[in-house]
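# Coordinate analysis (summary)
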Amino acid sequence: MYSFMLSWWFVISVNIILIPLTNSYIHPDEHYQSIEPLLKYVCNGLNKTLYNGSITWEYLTTSNLPIRSITILRLYYELLIRSIMSLDPFEIILAVKYYNFTIFMITYLLYNKVFVKNKFNKRISKVLMLGSYTLLTYQIRSFSNSIETVLLMLFLICLNSNSFFSLGLIFAIGIHNRITFILWLILPCAYKAYHILLNKSLKSVIVYAVSLTVSLTLAITIISKMDSLVYFNNEKFIFTPLENWKYNKNHSNLAKHGIHSRFNHLLINLPVLISPFVLLLIALTFKSNIFIENKLPLLTCISGLFFLSLFPHQEARFLIPLIPLFYSSIDFQILKVQYTKSTLAFKKRILQFFILGHIIFNVLMLLIIGSWHQSGLITITKNVSFLNTINNNDIIFWHTLMPLHWPFYLNSVDKANLYINFVDDEANEYGFRQLKTSHDLKQSHNIYDFMGVSTENFEYLINDLKIKKQESSIMMDLVIPSRFREDLDLLGYKYEIIDHMPYHLNLNDGFDKSPLGLDILKVVF
């Protein structure tokens, strides 16, 4: 039975079953940097001369230059999105997950075959990777970090085999997907370059350099031209990695997204992603030969961890590419010999404790972060009748993560006039955060993200909406965690509960409390 549960195909089967059940909402970028802009492009384009309602700011052409490449999304997702657009939004989300799961599995198994030679190491690294909560919580979601993981594994496969023409292509795609892609490659590429210069002839070095340069130049030119065509009809040339760098080198821009300690990745994000029990087990038995002979995966992990830690904005998902590389770089055969062959009973008990702790840790994280966190916002996409109400009523979201815009967009009959509106980051002279709008609210369909404003600020925003709509009373749908209904009662608003999603954990306002869940209310303000 133990051997059966350690078989990687068994773990794959469990993952396939769990995919429809793990519907948390981790971060808005999961949708606003993938499905959202691509659907806008497919439906009506991203050029500034076209009317398409709200567009994710990174892909917007009306103010600054776009800082993200739409071409990468087209290469990775467009055929899929075009083939599934007729499905309901929740079915689209599931299809994207299974698609990402398939691509990751194919790439990962190829990568594992290339770098992990020992049978025992191969089996354990697969089980740890496929049994990690991060697979269903991050890797198969539509984050740009998920694409980065796949590209990084492909890059290392090509680097290991000296396929330099392919390296140029992958590198160009990688930096257009995420500018941080280059940070993962500094140490492994330096290591590889040193050994090539040491062991290869001058003729071979020149051939490698020419192949790399030609493919890199060709790929960058094609991607940039395709981006320029979409964004500006080729009237202006755009190189999105440069624009992305310009934006992110500005500390005030990073401050909008959150400033962290330089040790956040090392001391918090890494243990949370890898599992503290695995790291402790390795630390307690550390030896110089605990890593496999091929050092490319380990150097890539160190490179990404070190150079990403130099930047003050450090989210856990930035380290997602490290996880499969880290597990494949460990020589678990050494750990096995260290513990199972030991005559000391307490060493075997330590191993059993760490294994049990690792399993419990991943189960809990999969439930809390992978399944329940803000999951009501995903469950809403099953309610097509509610999505269709955007054609008649405006909708407010309060005390939730940024609401998904694209499910309403697909169900809207007036896509060009569907907008999502946010409140200002800073308070005005009266101490209230105001609604940011640049269009006529009476002649458009609107989703309002009130974020986590106070009850007093909520009332202020409602009164402001009445003024802008020139109405003394307005009826709207309100999406709100169940625990905040008492705030509506205090304000004296009358409401009707339309729907209730019980499996919703609101961790953005601290630890959640009873009653749990997310409600859809019809409210008269």
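Residues numbered from 1 in each chain as written. Predicted model: local features only at pLDDT ≥ 70, side-chain atom pairs only at ≥ 80, totals over all residues. Heavy atoms only, no water.

### Regarding the overall build of the protein
Tallying secondary structure elements over the protein gives 25 helices and 7 strands in all. When each of the 525 residues of the protein is scored for burial, the buried share is 55%. Across the protein, every contact between residues at least 6 apart in sequence was considered, and the portion connecting residues at least 24 apart equals 76%. Carbon and sulfur atoms form 63% of the exposed surface of the protein, whose accessible area is close to 23,400 Å². A gap of 17 Å separates the mean positions of the 44 positive and 35 negative side-chain charges of the protein. (Helix = DSSP H or I, 4+ residues; strand = E, 2+ residues; numbered from the N terminus. Buried < 20%, exposed > 50% of the residue type's maximum accessible area, 1.4 Å probe, protein only. Contact = heavy atoms within 4.5 Å. Areas by Shrake-Rupley, 256 points an atom, 1.4 Å probe, with all protein chains shown as cover. Lys, Arg positive; Asp, Glu negative; His and termini not counted. Charge placed at Lys NZ, Arg CZ, Asp CG, Glu CD.)

### Looking at the packing of helix α9 (residues 144-160) against helix α11 (residues 181-199)
Closest axis-to-axis distance for the α9/α11 pair is 11 Å, and the angle between their directions is 15°. Considering their axes alone, α9 and α11 lie roughly parallel with respect to each other. Viewed along their axes, α9 and α11 form a crossing whose handedness is right-handed. Taking contact as the criterion, the partners of E148, L151, L152, F155, L156, L159 and N160 in α9 are, on α11, F181, W184, L185, P188, C189 and K192. Along the lines of polarity and charge, the residues of the contact of α9 with α11 split into 10 nonpolar, 1 polar and 2 charged. (Axes fitted to C-alpha atoms, helices over the stretch in contact; angles between N-to-C directions. Parallel < 35°, antiparallel > 145°, perpendicular 65-115°, else oblique. Left-handed = near helix turned anticlockwise from the far one by under 90°. Nonpolar A, V, L, I, M, F, W, Y, C, P; charged D, E, K, R; others polar.)

### Focus on helix α24 (residues 455-469)
The terminal C-alpha atoms of α24 lie 21 Å apart, and with 15 residues this matches the ideal 21 Å at 1.5 Å per residue to within 8%. Within the sequence span of α24, burial applies to T455, N457, F458, L461, I462, D464, L465, K466 and K469. Where α24 is buried, its residues meet β1 (395-397), β2 (418-427), β3 (433-436), β4 (445-449), β5 (475-481) and α25 (485-491). Immediately beyond the C-terminal end of α24, within one or two residues, lies Q470, with a positive phi of roughly 55°. (Expected span 1.5 Å × (residues − 1).)

### So, the environment of S454
Relative to the elements of secondary structure, S454 occurs in the loop between β4 and α24. Between the C-alpha atoms of S454 and D487, which are 33 residues apart in sequence, the distance is 9.6 Å. At 3.1 Å, the side chain of S454 forms a polar contact with the backbone nitrogen of N457. (Polar contact = N/O pair within 3.5 Å; in protein donor to acceptor, adjacent residues only side chain to side chain.)

### Some remarks on the layout of surface pockets
By volume, the second largest pocket amounts to about 1,400 Å³. For the second largest pocket, the lining is made up of 46 residues, of which V127, L128, G131, H358 and I359 are closest to its centre. Among the elements of the structure, α1 (2-5), α2 (8-18), α7 (119-130), α8 (133-139), α16 (276-284), α19 (332-340) and α20 (345-372) are those that each provide at least two residues to the lining of the second largest pocket. With 11 residues, α20 is the largest single contributor of residues to the lining of the second largest pocket. Each residue belonging to the lining of the second largest pocket can be placed in one class, and the counts come to 32 nonpolar, 11 polar and 3 charged. (1 Å grid on protein atoms, 1.4 Å probe; cavity = no way out; pocket = protein on both sides within 12 Å on 5 of 7 lines; lining within 4 Å. Points joined across faces, edges and corners; volume = space filled by probe spheres on them.)

### Description of the pairing of β3
Sheet topology places β2 next to β3; 3 bridges connect them, and they run antiparallel. Bridging from a neighbouring strand, A427 pairs with R433 of β3. (Pairing = 2+ DSSP bridges.)

### Focus on empty space enclosed by the protein
Applying the stated rule across the entire model yields 4 cavities of 30 Å³ or more. Lining the largest cavity are Q33, Y59, R68, S69, I72, L73, S144, H176 and N177. When residues of the lining of the largest cavity are traced back to their parent elements, those giving at least two are α5 (70-84) and α10 (164-177). Among the residues forming the lining of the largest cavity, the class breakdown is 3 nonpolar, 5 polar and 1 charged.

### Describing the nonpolar core
One finds Y77, Y138, F181, F326, I380 and F408 to be the most contacted residues of the largest nonpolar core, which totals 121 residues. The dominant element in this core, judged by the number of residues it contributes, is helix α6 (residues 89-115), at 12 residues. Once residues within four sequence positions are removed from consideration, Y138 is found in contact with I26, Y133, F143, S146, L273, A316, R317, I320 and I369. One finds L435, L465, L488 and Y493 within the second-largest nonpolar core, a separate group that totals 22 residues. (Core = buried A, V, L, I, M, F, W, Y, C linked by side-chain atoms within 4.5 Å.)

### Examining a nonpolar patch on the surface
The grouping of I355, L356, I359, I360, V363, L364, L367, I368, W372, Y503 and L507 at the surface amounts to a nonpolar patch, some 970 Å² of accessible area in total. Relative to the helices and strands, Y503 is located in the loop between β6 (494-501) and β7 (518-524). (Patch = residues over 30% accessible without salt bridge, like charges linked within 9 Å, V, L, I, M, F, W, Y side chains within 5 Å. Salt bridge = Lys/Arg side-chain N within 4 Å of Asp/Glu carboxyl O.)

### Quick notes on the pattern of salt bridges
Under the counting rule described, the total for this entry stands at 12 salt bridges. E36 serves as the salt-bridge partner of K40, at 3.5 Å between the closest nitrogen and oxygen. Here the residue K40 and the residue E36 both occupy positions in helix α4 (residues 35-44), the gap between them amounting to 4 residues, near one helical turn. Grouping residues by exposure puts K40 and E36 together as buried. E78 is paired through a salt bridge with R82; the nearest N and O atoms lie 2.8 Å apart. Of this pair, E78 and R82 are both found in helix α5, 4 residues apart, which corresponds to roughly one turn of the helix. When its relative accessible area of 9% is taken as the criterion, E78 is described as buried. Using a relative accessible area of 45% as the deciding quantity, one classes R82 as partly exposed.

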